[in-house]
Amino acid sequence: MDAKDKVLDKYSAKVYKNRKAHILEVGQAPEEQEIAANTRSIPGIMTNRGCCYAGCKGVVIGPLKDTLTIVHGPIGCSYYAWGTRRNKARADEGSFTQYCFSTDLQETDIVFGGEKKLRQAIKEGLELFKPRALMICSTCPVGLIGDDIHAVASETEAEYGIPCIAFSCEGYKGVSQSAGHHIANNGIMRKVIGTGDKIPRVKHSVNLLGEYNIGGDGWETERLLKRVGYDVIAVLTGDGSYEDLTKADRAELNLVQCHRSINYIAEMMKTKFGTDWVKVNFIGIDASIQSLRDVAEYFGDEELKKRTEEVIEDELAEIAEERDYYREKLTGKTAALYVGGSRSHHYQYLLKDFGVKTVLAGHEFAHRDDYEGRRVIPDIKEDADSKNIESITVEPDKERYEDKYTEAEREKLRKVIPLEDYKGIIPDMEAGGVVVDDLNHYETEAFLAELKPDIFLSGVKDKYILQKSGAVSRQLHSYDYSGPYAGFRGAINFARDIAMGIYAPAWKYVTPPWKTEPVLQAAFVNDTPEPETADAADAPKESEVTNA
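Parameters and conventions
Residues numbered from 1 in each chain as written. Predicted model: local features only at pLDDT ≥ 70, side-chain atom pairs only at ≥ 80, totals over all residues. Heavy atoms only, no water. Helix = DSSP H or I, 4+ residues; strand = E, 2+ residues; numbered from the N terminus. Buried < 20%, exposed > 50% of the residue type's maximum accessible area, 1.4 Å probe, protein only. Phe/Tyr/Trp six-rings, centres within 6.5 Å; stacked < 30°, edge-to-face > 60°. Lys NZ or Arg CZ within 6 Å of the ring centre and 35° of its normal. Salt bridge = Lys/Arg side-chain N within 4 Å of Asp/Glu carboxyl O. 1 Å grid on protein atoms, 1.4 Å probe; cavity = no way out; pocket = protein on both sides within 12 Å on 5 of 7 lines; lining within 4 Å. Points joined across faces, edges and corners; volume = space filled by probe spheres on them. Nonpolar A, V, L, I, M, F, W, Y, C, P; charged D, E, K, R; others polar. Pairing = 2+ DSSP bridges. Axes fitted to C-alpha atoms, helices over the stretch in contact; angles between N-to-C directions. Contact = heavy atoms within 4.5 Å.

Enquirer: I tried to follow the environment of F524 on my own but got confused; where do I start?
Expert: Relative to the elements of secondary structure, F524 occurs in strand β14 (residues 520-525). Given the relative accessible area of 54%, F524 is considered exposed. Sequence spacing of F524 and N388 is 136 residues, and the spatial spacing of their C-alpha atoms is 48 Å.

Enquirer: Even after reading the chapter, I still don't get the packing of aromatic side chains, so can you show me in this structure?
Expert: How two aromatic rings sit relative to each other is given by the distance of their centres and the angle of their planes. Taken as a whole, this structure holds 13 aromatic pairs when the rule is applied. On the basis of an interplanar angle of 75° and a centroid distance of 5.0 Å, the ring pair of Y325 and Y326 is categorised as edge-to-face. Feature note: the residues F96, Y99, F101 and F129 constitute an aromatic cluster, connected by ring pairs. Over the aromatic face of Y503 sits the side chain of K329, whose NZ or CZ is 4.1 Å from the ring centroid.

Enquirer: Explanation requested: the pattern of salt bridges in the structure shown.
Expert: Close approach of charged atoms lets side chains of opposite charge pair. Within the structure shown, the criterion is met by 46 salt bridges. Between D239 and K65 there is a salt bridge; the shortest N-O distance is 3.0 Å. With D239 in the loop between β6 (231-237) and α11 (242-246) and K65 in the loop between α3 (52-61) and β2 (67-72), this residue pair connects regions lying 174 residues apart in the sequence. In this structure, D497 and R474 form a salt bridge, with 3.5 Å as the shortest nitrogen-oxygen distance. Within this pair, whereas D497 is found in helix α21 (residues 487-503), its partner R474 is found in strand β13 (residues 473-475), the two being separated by 23 residues in sequence. Note on accessibility: D497 and R474 belong to one class, buried.

Enquirer: Mind showing me how you'd approach empty space enclosed by the protein here?
Expert: Gaps left between atoms are located by rolling a probe of water-molecule size over the structure's atoms. Per the stated rule, a full pass over the model turns up one cavity of 30 Å³ or more. Considering only enclosed or pocket space, the largest cavity measures out at about 60 Å³ in volume. Contributing to the lining of the largest cavity are N18, R19, H22, R40, S41, I42, I45, T47, D438 and N440. Taken together, the residues of the lining of the largest cavity break down into two nonpolar, five polar and three charged.

Enquirer: What should I look at first to understand unusual backbone geometry in this one?
Expert: Peptide bonds are mostly trans, and most non-glycine residues show a negative phi. Residue T237 is reached from L236 by a cis peptide bond, and omega for that bond is -5°. As for its placement among the helices and strands, T237 is situated in strand β6. Across the junction of G483 and P484, the peptide omega takes the value 0°, indicating a cis bond. Note on placement: P484 falls in the loop between β13 and α21. Unusually for a residue other than glycine, H204 sits at a positive phi of about 60°.

Enquirer: Before we go on, may I ask you to explain the pairing of strand β3 (residues 133-138) in this structure?
Expert: Here is the key point about a regular strand: its side chains alternate between the two faces of the sheet. For β3, the buried fraction is high: six of the six residues fall into the buried class. One ladder, built from six bridges, connects β2 with β3; its direction is parallel. Paired with T67 across the two strands is A133, which belongs to β3. Pairing between β3 and strand β4 (residues 164-167): four bridges, direction parallel. Looking at β4, one finds that M135 is bridged to I165.

Enquirer: Quick question: what am I supposed to make of the sheet that holds β3 here?
Expert: By way of backbone hydrogen bonds, the strands of a sheet pair with one another, either parallel or antiparallel. Across the sheet, which stays open at both edges, the three strands sit in the order β2-β3-β4 with parallel pairing between neighbours. The sheet terminates laterally at β2 and β4, the two strands that pair on one side only. When the angles between neighbouring strand axes are averaged without regard to direction, this sheet yields 20°. Where α3 meets the sheet, its contacts fall on β2, β3 and β4, and the angle it forms with β3 comes to roughly 155°.

Next up, the structure:
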(Lines give C-alpha, C1' and ligand atoms only; values in the text may rest on other atoms or scores of the structure.)
Protein backbone atom coordinates (compact mmCIF):
# COMPACT_ATOMS: atom_id res chain seq x y z
CA MET A 1 0.00 0.00 0.00
CA ASP A 2 1.54 3.34 -1.06
CA ALA A 3 1.52 6.54 1.01
CA LYS A 4 -1.58 7.90 -0.69
CA ASP A 5 -3.63 4.74 -0.02
CA LYS A 6 -2.43 4.54 3.58
CA VAL A 7 -3.61 8.08 4.24
CA LEU A 8 -6.97 7.56 2.54
CA ASP A 9 -7.53 4.21 4.27
CA LYS A 10 -8.48 5.90 7.55
CA TYR A 11 -11.50 7.68 6.03
CA SER A 12 -15.10 6.51 5.99
CA ALA A 13 -16.41 5.35 2.59
CA LYS A 14 -18.11 8.69 1.85
CA VAL A 15 -15.10 10.83 2.76
CA TYR A 16 -12.76 8.39 1.01
CA LYS A 17 -14.65 8.78 -2.25
CA ASN A 18 -14.43 12.57 -2.05
CA ARG A 19 -10.81 12.93 -0.99
CA LYS A 20 -9.54 10.26 -3.39
CA ALA A 21 -10.33 12.59 -6.29
CA HIS A 22 -8.24 15.37 -4.70
CA ILE A 23 -5.07 13.30 -4.20
CA LEU A 24 -2.93 11.66 -6.85
CA GLU A 25 0.48 10.11 -7.19
CA VAL A 26 2.19 11.40 -10.29
CA GLY A 27 2.68 8.69 -12.90
CA GLN A 28 4.91 8.34 -15.93
CA ALA A 29 2.41 10.29 -18.08
CA PRO A 30 1.42 13.22 -15.81
CA GLU A 31 -0.30 15.15 -18.61
CA GLU A 32 -3.01 12.47 -18.64
CA GLN A 33 -3.80 12.68 -14.90
CA GLU A 34 -6.83 14.59 -13.61
CA ILE A 35 -7.41 16.00 -10.15
CA ALA A 36 -10.48 17.45 -8.42
CA ALA A 37 -10.12 21.07 -7.31
CA ASN A 38 -12.03 24.27 -6.48
CA THR A 39 -14.84 22.38 -4.74
CA ARG A 40 -16.20 22.76 -1.22
CA SER A 41 -14.21 21.35 1.65
CA ILE A 42 -15.85 18.52 3.57
CA PRO A 43 -17.69 19.91 6.62
CA GLY A 44 -15.90 19.03 9.85
CA ILE A 45 -12.48 18.58 8.27
CA MET A 46 -9.80 21.02 9.43
CA THR A 47 -9.06 22.75 6.14
CA ASN A 48 -6.30 25.35 5.82
CA ARG A 49 -8.19 27.46 3.29
CA GLY A 50 -9.07 31.11 3.67
CA CYS A 51 -12.34 32.82 2.74
CA CYS A 52 -13.46 34.96 -0.18
CA TYR A 53 -12.79 38.15 1.79
CA ALA A 54 -9.24 37.01 2.56
CA GLY A 55 -8.56 36.56 -1.15
CA CYS A 56 -9.93 39.98 -2.08
CA LYS A 57 -8.70 42.22 0.71
CA GLY A 58 -5.91 40.14 2.20
CA VAL A 59 -4.22 39.17 -1.07
CA VAL A 60 -5.05 41.50 -3.96
CA ILE A 61 -6.35 44.81 -2.56
CA GLY A 62 -4.44 45.01 0.72
CA PRO A 63 -0.94 45.70 -0.70
CA LEU A 64 -1.98 48.91 -2.52
CA LYS A 65 -0.04 51.56 -0.65
CA ASP A 66 -1.81 54.81 -1.53
CA THR A 67 -5.30 53.40 -1.16
CA LEU A 68 -7.28 53.46 2.08
CA THR A 69 -9.18 50.17 2.33
CA ILE A 70 -12.01 50.06 4.86
CA VAL A 71 -13.23 46.65 5.98
CA HIS A 72 -16.96 46.90 6.56
CA GLY A 73 -17.62 44.30 9.21
CA PRO A 74 -16.59 43.14 12.70
CA ILE A 75 -13.07 44.00 13.80
CA GLY A 76 -11.99 40.35 13.80
CA CYS A 77 -12.35 40.15 10.02
CA SER A 78 -10.11 43.18 9.52
CA TYR A 79 -7.52 41.90 11.96
CA TYR A 80 -7.47 38.52 10.19
CA ALA A 81 -6.43 40.16 6.89
CA TRP A 82 -3.96 42.68 8.31
CA GLY A 83 -0.24 42.50 8.90
CA THR A 84 0.24 38.79 8.17
CA ARG A 85 1.61 38.69 4.62
CA ARG A 86 4.38 41.29 4.99
CA ASN A 87 3.52 43.17 1.79
CA LYS A 88 6.35 45.71 1.79
CA ALA A 89 5.87 49.17 0.27
CA ARG A 90 7.95 52.31 -0.18
CA ALA A 91 6.30 55.28 1.49
CA ASP A 92 6.80 57.63 -1.46
CA GLU A 93 3.83 59.82 -0.62
CA GLY A 94 2.56 57.99 2.44
CA SER A 95 1.68 54.33 2.73
CA PHE A 96 -1.37 52.91 4.46
CA THR A 97 -0.40 49.22 4.33
CA GLN A 98 0.62 49.23 8.00
CA TYR A 99 -2.82 50.41 9.14
CA CYS A 100 -5.94 48.39 9.91
CA PHE A 101 -9.20 50.19 8.98
CA SER A 102 -12.54 48.75 10.07
CA THR A 103 -16.08 49.91 10.78
CA ASP A 104 -16.04 47.55 13.79
CA LEU A 105 -19.69 46.46 13.45
CA GLN A 106 -21.43 45.59 16.71
CA GLU A 107 -24.63 43.67 17.42
CA THR A 108 -26.81 46.78 17.16
CA ASP A 109 -25.32 47.53 13.72
CA ILE A 110 -26.21 44.03 12.57
CA VAL A 111 -29.80 44.57 13.70
CA PHE A 112 -30.34 48.14 12.46
CA GLY A 113 -27.87 48.28 9.56
CA GLY A 114 -24.31 49.53 9.24
CA GLU A 115 -24.40 51.99 6.33
CA LYS A 116 -24.47 55.02 8.64
CA LYS A 117 -21.38 53.76 10.41
CA LEU A 118 -19.65 53.13 7.07
CA ARG A 119 -20.32 56.70 5.91
CA GLN A 120 -18.86 58.04 9.16
CA ALA A 121 -15.77 55.83 8.80
CA ILE A 122 -15.25 57.11 5.25
CA LYS A 123 -15.53 60.73 6.42
CA GLU A 124 -13.01 60.20 9.20
CA GLY A 125 -10.61 58.25 6.98
CA LEU A 126 -10.56 60.87 4.23
CA GLU A 127 -10.07 63.72 6.68
CA LEU A 128 -7.24 62.03 8.54
CA PHE A 129 -5.27 60.36 5.74
CA LYS A 130 -6.24 62.00 2.42
CA PRO A 131 -5.63 58.84 0.29
CA ARG A 132 -5.42 58.74 -3.50
CA ALA A 133 -8.40 56.35 -3.60
CA LEU A 134 -10.79 54.59 -1.24
CA MET A 135 -11.87 50.95 -1.31
CA ILE A 136 -14.53 49.12 0.69
CA CYS A 137 -14.45 45.37 1.37
CA SER A 138 -17.49 43.71 2.90
CA THR A 139 -17.49 40.67 5.18
CA CYS A 140 -20.06 37.96 5.92
CA PRO A 141 -22.46 39.90 8.23
CA VAL A 142 -22.73 42.75 5.72
CA GLY A 143 -23.82 40.38 2.98
CA LEU A 144 -26.41 38.85 5.29
CA ILE A 145 -27.97 42.14 6.45
CA GLY A 146 -27.87 43.72 2.98
CA ASP A 147 -25.89 46.95 3.44
CA ASP A 148 -25.51 48.52 -0.03
CA ILE A 149 -21.81 49.29 -0.08
CA HIS A 150 -21.89 50.05 -3.81
CA ALA A 151 -24.41 52.84 -3.27
CA VAL A 152 -22.26 54.26 -0.48
CA ALA A 153 -19.23 54.13 -2.80
CA SER A 154 -21.11 56.10 -5.47
CA GLU A 155 -22.18 58.68 -2.88
CA THR A 156 -18.58 59.00 -1.70
CA GLU A 157 -17.30 59.70 -5.21
CA ALA A 158 -19.97 62.36 -5.76
CA GLU A 159 -19.49 64.03 -2.38
CA TYR A 160 -15.70 63.94 -2.01
CA GLY A 161 -14.52 63.70 -5.61
CA ILE A 162 -12.31 60.70 -4.91
CA PRO A 163 -12.33 57.28 -6.63
CA CYS A 164 -14.18 54.81 -4.41
CA ILE A 165 -14.63 51.13 -5.25
CA ALA A 166 -16.75 48.62 -3.34
CA PHE A 167 -16.05 44.88 -3.33
CA SER A 168 -18.85 42.51 -2.28
CA CYS A 169 -16.38 39.88 -1.11
CA GLU A 170 -18.33 38.33 1.76
CA GLY A 171 -16.35 35.41 3.15
CA TYR A 172 -18.97 32.77 2.44
CA LYS A 173 -18.88 33.31 -1.34
CA GLY A 174 -17.19 30.66 -3.43
CA VAL A 175 -15.30 27.75 -1.88
CA SER A 176 -12.05 29.49 -0.92
CA GLN A 177 -10.08 32.72 -1.19
CA SER A 178 -9.87 32.15 -4.96
CA ALA A 179 -13.33 33.69 -5.30
CA GLY A 180 -12.01 36.87 -3.67
CA HIS A 181 -9.18 37.10 -6.20
CA HIS A 182 -11.74 37.03 -9.01
CA ILE A 183 -13.91 39.71 -7.39
CA ALA A 184 -10.88 41.96 -6.82
CA ASN A 185 -9.73 41.48 -10.43
CA ASN A 186 -13.18 42.48 -11.68
CA GLY A 187 -13.26 45.67 -9.61
CA ILE A 188 -9.76 46.77 -10.59
CA MET A 189 -10.44 46.10 -14.25
CA ARG A 190 -13.76 47.94 -14.23
CA LYS A 191 -12.76 50.98 -12.25
CA VAL A 192 -8.98 51.48 -12.36
CA ILE A 193 -6.91 50.07 -15.23
CA GLY A 194 -7.02 52.32 -18.26
CA THR A 195 -8.56 55.32 -16.50
CA GLY A 196 -5.36 57.38 -16.51
CA ASP A 197 -4.30 59.82 -19.20
CA LYS A 198 -3.64 58.16 -22.52
CA ILE A 199 0.07 58.28 -23.31
CA PRO A 200 2.08 56.44 -25.99
CA ARG A 201 3.20 52.96 -25.05
CA VAL A 202 6.75 52.90 -23.76
CA LYS A 203 9.26 50.71 -25.59
CA HIS A 204 10.14 47.52 -23.68
CA SER A 205 7.58 48.27 -20.98
CA VAL A 206 6.00 45.61 -18.76
CA ASN A 207 3.58 45.13 -15.89
CA LEU A 208 4.36 42.58 -13.18
CA LEU A 209 1.08 40.82 -12.33
CA GLY A 210 0.47 38.61 -9.30
CA GLU A 211 3.54 39.82 -7.40
CA TYR A 212 2.71 40.94 -3.86
CA ASN A 213 6.19 41.96 -2.67
CA ILE A 214 6.24 39.63 0.31
CA GLY A 215 9.54 40.12 2.06
CA GLY A 216 10.67 42.36 -0.81
CA ASP A 217 10.30 39.79 -3.64
CA GLY A 218 8.82 42.37 -5.99
CA TRP A 219 11.69 44.78 -5.43
CA GLU A 220 14.24 42.12 -6.31
CA THR A 221 12.32 41.15 -9.46
CA GLU A 222 12.01 44.80 -10.48
CA ARG A 223 15.73 45.26 -9.94
CA LEU A 224 16.50 42.48 -12.42
CA LEU A 225 14.03 43.75 -15.00
CA LYS A 226 15.36 47.28 -14.80
CA ARG A 227 18.97 46.06 -15.06
CA VAL A 228 18.10 44.46 -18.38
CA GLY A 229 16.39 47.64 -19.57
CA TYR A 230 12.66 47.17 -19.05
CA ASP A 231 10.37 49.96 -17.92
CA VAL A 232 8.12 48.55 -15.17
CA ILE A 233 4.85 50.47 -15.45
CA ALA A 234 2.88 48.83 -12.63
CA VAL A 235 3.08 45.97 -10.15
CA LEU A 236 -0.21 44.30 -9.23
CA THR A 237 -0.24 44.81 -6.35
CA GLY A 238 2.90 44.57 -4.18
CA ASP A 239 4.23 48.09 -3.53
CA GLY A 240 1.58 49.06 -6.08
CA SER A 241 -0.33 52.31 -6.22
CA TYR A 242 -3.66 53.42 -7.60
CA GLU A 243 -1.86 55.88 -9.87
CA ASP A 244 0.32 53.15 -11.40
CA LEU A 245 -2.69 50.92 -11.99
CA THR A 246 -4.54 53.62 -13.93
CA LYS A 247 -1.82 53.58 -16.60
CA ALA A 248 -1.14 49.82 -16.62
CA ASP A 249 -2.73 49.59 -20.07
CA ARG A 250 0.30 51.50 -21.45
CA ALA A 251 2.63 48.51 -20.95
CA GLU A 252 3.52 46.39 -23.97
CA LEU A 253 3.56 43.09 -22.08
CA ASN A 254 2.14 41.63 -18.87
CA LEU A 255 4.33 39.27 -16.84
CA VAL A 256 2.15 36.88 -14.81
CA GLN A 257 3.84 35.57 -11.65
CA CYS A 258 0.90 34.14 -9.66
CA HIS A 259 -1.42 32.62 -12.25
CA ARG A 260 -4.35 31.88 -9.97
CA SER A 261 -4.79 35.27 -8.36
CA ILE A 262 -4.35 37.50 -11.41
CA ASN A 263 -5.00 35.53 -14.63
CA TYR A 264 -8.42 37.20 -14.92
CA ILE A 265 -6.86 40.66 -15.35
CA ALA A 266 -4.26 39.29 -17.77
CA GLU A 267 -7.01 37.85 -19.95
CA MET A 268 -9.22 40.94 -19.79
CA MET A 269 -6.33 43.29 -20.60
CA LYS A 270 -5.55 41.14 -23.61
CA THR A 271 -9.12 41.56 -24.84
CA LYS A 272 -9.57 45.22 -23.97
CA PHE A 273 -6.15 46.71 -24.69
CA GLY A 274 -4.38 44.08 -26.80
CA THR A 275 -1.73 43.55 -24.10
CA ASP A 276 -0.12 40.12 -24.46
CA TRP A 277 0.86 38.17 -21.36
CA VAL A 278 3.52 35.59 -20.65
CA LYS A 279 3.82 33.29 -17.64
CA VAL A 280 7.01 33.93 -15.68
CA ASN A 281 8.56 32.64 -12.48
CA PHE A 282 11.25 34.58 -10.65
CA ILE A 283 11.43 32.05 -7.80
CA GLY A 284 14.51 29.96 -8.49
CA ILE A 285 17.83 30.56 -10.24
CA ASP A 286 17.20 28.56 -13.40
CA ALA A 287 13.57 29.72 -13.43
CA SER A 288 14.64 33.37 -13.27
CA ILE A 289 17.10 32.82 -16.11
CA GLN A 290 14.43 31.21 -18.26
CA SER A 291 11.90 33.96 -17.50
CA LEU A 292 14.36 36.71 -18.43
CA ARG A 293 15.13 34.93 -21.70
CA ASP A 294 11.44 34.39 -22.46
CA VAL A 295 10.63 38.08 -21.99
CA ALA A 296 13.56 39.11 -24.20
CA GLU A 297 12.41 36.62 -26.84
CA TYR A 298 8.95 38.20 -26.84
CA PHE A 299 10.36 41.62 -27.69
CA GLY A 300 12.73 40.16 -30.30
CA ASP A 301 15.33 42.88 -29.76
CA GLU A 302 18.87 41.52 -30.24
CA GLU A 303 20.40 44.24 -28.08
CA LEU A 304 17.91 43.35 -25.32
CA LYS A 305 18.81 39.66 -25.62
CA LYS A 306 22.50 40.50 -25.37
CA ARG A 307 21.91 42.66 -22.32
CA THR A 308 19.85 39.85 -20.77
CA GLU A 309 22.74 37.39 -21.06
CA GLU A 310 25.15 39.93 -19.58
CA VAL A 311 22.90 40.48 -16.57
CA ILE A 312 22.44 36.72 -16.07
CA GLU A 313 26.20 36.13 -16.21
CA ASP A 314 26.86 38.93 -13.74
CA GLU A 315 24.17 37.79 -11.29
CA LEU A 316 25.40 34.18 -11.39
CA ALA A 317 28.98 35.27 -10.73
CA GLU A 318 27.85 37.22 -7.67
CA ILE A 319 26.23 34.18 -6.02
CA ALA A 320 28.51 31.40 -7.36
CA GLU A 321 30.41 30.64 -4.14
CA GLU A 322 27.34 30.60 -1.87
CA ARG A 323 25.34 28.66 -4.45
CA ASP A 324 27.91 25.84 -4.48
CA TYR A 325 28.15 25.82 -0.69
CA TYR A 326 24.41 25.47 -0.08
CA ARG A 327 23.96 22.97 -2.88
CA GLU A 328 26.53 20.75 -1.18
CA LYS A 329 24.69 21.12 2.14
CA LEU A 330 21.20 20.45 0.74
CA THR A 331 21.63 17.93 -2.07
CA GLY A 332 19.71 14.74 -1.34
CA LYS A 333 17.24 16.35 1.07
CA THR A 334 13.49 16.10 0.50
CA ALA A 335 10.72 18.65 0.89
CA ALA A 336 6.94 18.90 1.01
CA LEU A 337 5.08 22.03 -0.11
CA TYR A 338 1.57 23.16 0.74
CA VAL A 339 0.98 26.81 -0.01
CA GLY A 340 -1.67 28.86 -1.77
CA GLY A 341 -1.42 30.35 -5.25
CA SER A 342 1.41 29.19 -7.50
CA ARG A 343 4.01 28.96 -4.74
CA SER A 344 3.88 25.18 -4.42
CA HIS A 345 4.86 25.06 -8.07
CA HIS A 346 7.40 27.89 -8.14
CA TYR A 347 9.34 26.75 -5.10
CA GLN A 348 9.99 23.33 -6.58
CA TYR A 349 12.31 25.06 -9.06
CA LEU A 350 14.15 26.81 -6.24
CA LEU A 351 14.48 23.59 -4.22
CA LYS A 352 15.75 21.76 -7.30
CA ASP A 353 18.43 24.44 -7.77
CA PHE A 354 19.96 23.19 -4.52
CA GLY A 355 19.41 19.46 -5.06
CA VAL A 356 16.27 19.13 -2.91
CA LYS A 357 13.58 16.73 -4.17
CA THR A 358 9.89 17.58 -3.73
CA VAL A 359 7.90 14.55 -2.52
CA LEU A 360 4.55 16.29 -1.94
CA ALA A 361 2.97 19.48 -3.26
CA GLY A 362 -0.48 21.00 -3.15
CA HIS A 363 -2.51 24.20 -3.23
CA GLU A 364 -5.09 25.63 -0.84
CA PHE A 365 -7.33 27.18 -3.46
CA ALA A 366 -6.18 26.08 -6.91
CA HIS A 367 -8.39 25.25 -9.87
CA ARG A 368 -7.79 22.31 -12.18
CA ASP A 369 -5.86 24.49 -14.65
CA ASP A 370 -3.35 25.33 -11.89
CA TYR A 371 -2.64 21.63 -11.57
CA GLU A 372 -3.09 20.35 -15.12
CA GLY A 373 -2.50 23.48 -17.20
CA ARG A 374 -4.72 25.89 -19.11
CA ARG A 375 -5.42 23.26 -21.77
CA VAL A 376 -8.13 21.80 -19.51
CA ILE A 377 -10.08 25.07 -19.06
CA PRO A 378 -12.64 24.20 -21.78
CA ASP A 379 -13.37 20.91 -19.96
CA ILE A 380 -13.93 22.41 -16.49
CA LYS A 381 -17.61 22.30 -15.57
CA GLU A 382 -18.97 25.37 -13.81
CA ASP A 383 -20.77 24.47 -10.59
CA ALA A 384 -23.20 26.46 -8.44
CA ASP A 385 -20.43 27.92 -6.26
CA SER A 386 -18.53 29.23 -9.28
CA LYS A 387 -21.68 30.84 -10.64
CA ASN A 388 -21.87 32.97 -7.48
CA ILE A 389 -18.79 34.85 -8.71
CA GLU A 390 -19.43 37.29 -11.52
CA SER A 391 -17.39 36.87 -14.69
CA ILE A 392 -17.38 40.22 -16.43
CA THR A 393 -17.05 40.65 -20.18
CA VAL A 394 -14.89 43.37 -21.70
CA GLU A 395 -14.74 44.70 -25.25
CA PRO A 396 -11.78 46.14 -27.17
CA ASP A 397 -11.25 49.77 -26.19
CA LYS A 398 -11.66 51.88 -29.32
CA GLU A 399 -9.08 54.43 -28.20
CA ARG A 400 -6.53 52.35 -26.28
CA TYR A 401 -6.44 48.95 -28.01
CA GLU A 402 -3.07 48.27 -29.67
CA ASP A 403 -1.78 45.03 -31.21
CA LYS A 404 1.97 44.51 -31.05
CA TYR A 405 1.95 41.35 -33.17
CA THR A 406 -0.28 39.62 -35.69
CA GLU A 407 -1.83 36.29 -34.74
CA ALA A 408 0.59 34.52 -37.08
CA GLU A 409 3.53 36.11 -35.27
CA ARG A 410 2.07 35.10 -31.91
CA GLU A 411 1.80 31.49 -33.06
CA LYS A 412 5.52 31.47 -33.75
CA LEU A 413 6.19 32.89 -30.30
CA ARG A 414 3.96 30.29 -28.61
CA LYS A 415 6.28 27.58 -29.89
CA VAL A 416 9.23 28.98 -27.93
CA ILE A 417 7.80 30.88 -24.91
CA PRO A 418 4.78 30.42 -22.57
CA LEU A 419 2.74 33.12 -24.30
CA GLU A 420 -0.79 33.14 -22.84
CA ASP A 421 -0.18 29.67 -21.44
CA TYR A 422 0.53 27.92 -18.14
CA LYS A 423 1.26 24.21 -18.03
CA GLY A 424 0.41 23.71 -14.34
CA ILE A 425 2.14 21.94 -11.48
CA ILE A 426 1.55 18.26 -12.32
CA PRO A 427 3.67 18.10 -15.51
CA ASP A 428 6.66 19.42 -13.55
CA MET A 429 6.37 16.87 -10.73
CA GLU A 430 8.65 13.83 -10.72
CA ALA A 431 7.03 10.40 -11.03
CA GLY A 432 6.06 9.12 -7.58
CA GLY A 433 5.48 12.58 -6.14
CA VAL A 434 2.16 13.20 -4.39
CA VAL A 435 -0.13 16.08 -5.37
CA VAL A 436 -2.86 17.07 -2.90
CA ASP A 437 -5.62 19.64 -3.30
CA ASP A 438 -7.01 21.25 -0.12
CA LEU A 439 -4.72 19.33 2.23
CA ASN A 440 -6.22 19.13 5.74
CA HIS A 441 -4.69 18.73 9.19
CA TYR A 442 -5.11 14.96 9.39
CA GLU A 443 -3.56 14.47 5.97
CA THR A 444 -0.70 16.81 6.87
CA GLU A 445 0.26 14.67 9.85
CA ALA A 446 -0.33 11.41 7.98
CA PHE A 447 1.77 12.33 4.94
CA LEU A 448 4.46 13.71 7.23
CA ALA A 449 4.67 10.31 8.93
CA GLU A 450 4.66 8.40 5.64
CA LEU A 451 6.94 10.53 3.46
CA LYS A 452 9.21 11.92 6.20
CA PRO A 453 10.37 15.04 4.30
CA ASP A 454 13.38 16.87 5.70
CA ILE A 455 11.44 20.13 5.57
CA PHE A 456 7.77 21.04 5.12
CA LEU A 457 7.17 24.43 3.51
CA SER A 458 3.72 25.56 4.52
CA GLY A 459 1.26 28.33 5.22
CA VAL A 460 0.52 30.20 8.41
CA LYS A 461 -2.25 27.88 9.62
CA ASP A 462 -0.54 24.50 9.25
CA LYS A 463 2.98 25.53 10.22
CA TYR A 464 2.44 24.96 13.93
CA ILE A 465 0.98 21.49 13.64
CA LEU A 466 4.12 20.54 11.73
CA GLN A 467 6.42 21.98 14.36
CA LYS A 468 4.50 20.22 17.13
CA SER A 469 5.15 16.99 15.22
CA GLY A 470 8.88 17.73 15.36
CA ALA A 471 9.22 18.68 11.69
CA VAL A 472 11.24 21.56 10.31
CA SER A 473 8.91 24.10 8.68
CA ARG A 474 9.29 27.40 6.85
CA GLN A 475 6.28 29.62 6.34
CA LEU A 476 5.96 30.71 2.71
CA HIS A 477 3.06 33.13 3.17
CA SER A 478 5.24 35.68 4.96
CA TYR A 479 8.69 34.01 5.01
CA ASP A 480 8.92 33.99 8.81
CA TYR A 481 10.28 37.55 8.76
CA SER A 482 12.95 36.71 6.18
CA GLY A 483 13.25 37.29 2.44
CA PRO A 484 13.35 38.27 -0.27
CA TYR A 485 13.41 34.83 -1.90
CA ALA A 486 12.97 35.95 -5.53
CA GLY A 487 15.70 36.17 -8.14
CA PHE A 488 19.37 35.25 -7.75
CA ARG A 489 20.10 36.96 -4.45
CA GLY A 490 16.77 35.78 -3.04
CA ALA A 491 17.66 32.18 -3.87
CA ILE A 492 20.69 32.40 -1.58
CA ASN A 493 18.55 33.88 1.22
CA PHE A 494 16.17 30.94 0.85
CA ALA A 495 18.94 28.32 0.82
CA ARG A 496 20.47 29.86 3.93
CA ASP A 497 17.15 29.70 5.79
CA ILE A 498 16.48 26.12 4.70
CA ALA A 499 19.97 24.98 5.72
CA MET A 500 19.61 26.65 9.12
CA GLY A 501 16.33 24.83 9.72
CA ILE A 502 17.54 21.41 8.64
CA TYR A 503 20.89 21.58 10.47
CA ALA A 504 19.42 23.04 13.67
CA PRO A 505 16.26 20.90 14.06
CA ALA A 506 15.18 22.35 17.40
CA TRP A 507 11.62 21.06 17.13
CA LYS A 508 12.80 17.45 17.07
CA TYR A 509 14.15 17.90 20.60
CA VAL A 510 10.89 19.20 22.04
CA THR A 511 8.70 16.62 23.78
CA PRO A 512 5.02 17.67 23.86
CA PRO A 513 3.56 17.37 27.38
CA TRP A 514 0.70 15.13 26.19
CA LYS A 515 3.24 12.40 25.31
CA THR A 516 4.43 12.01 28.89
CA GLU A 517 1.44 12.75 31.12
CA PRO A 518 -2.36 12.86 30.94
CA VAL A 519 -3.73 16.21 29.83
CA LEU A 520 -7.44 15.42 29.95
CA GLN A 521 -9.37 13.86 32.80
CA ALA A 522 -13.05 13.02 32.75
CA ALA A 523 -15.57 11.27 34.96
CA PHE A 524 -18.67 9.38 33.87
CA VAL A 525 -21.55 9.44 36.34
CA ASN A 526 -24.80 7.49 35.96
CA ASP A 527 -27.46 10.10 36.75
CA THR A 528 -30.32 7.61 36.75
CA PRO A 529 -29.71 5.11 39.57
CA GLU A 530 -31.12 1.62 39.16
CA PRO A 531 -33.42 0.26 41.90
CA GLU A 532 -31.22 -1.15 44.60
CA THR A 533 -31.06 -4.88 45.02
CA ALA A 534 -28.77 -6.94 47.13
CA ASP A 535 -26.41 -7.38 44.18
CA ALA A 536 -26.70 -3.77 42.99
CA ALA A 537 -25.83 -2.43 46.40
CA ASP A 538 -22.42 -4.08 46.14
CA ALA A 539 -21.79 -2.84 42.53
CA PRO A 540 -19.90 0.43 41.93
CA LYS A 541 -22.18 3.38 41.08
CA GLU A 542 -19.44 5.45 39.40
CA SER A 543 -16.50 4.68 37.16
CA GLU A 544 -13.64 6.97 36.31
CA VAL A 545 -11.96 7.24 32.95
CA THR A 546 -8.66 8.93 32.30
CA ASN A 547 -7.66 9.84 28.76
CA ALA A 548 -4.08 10.46 27.78
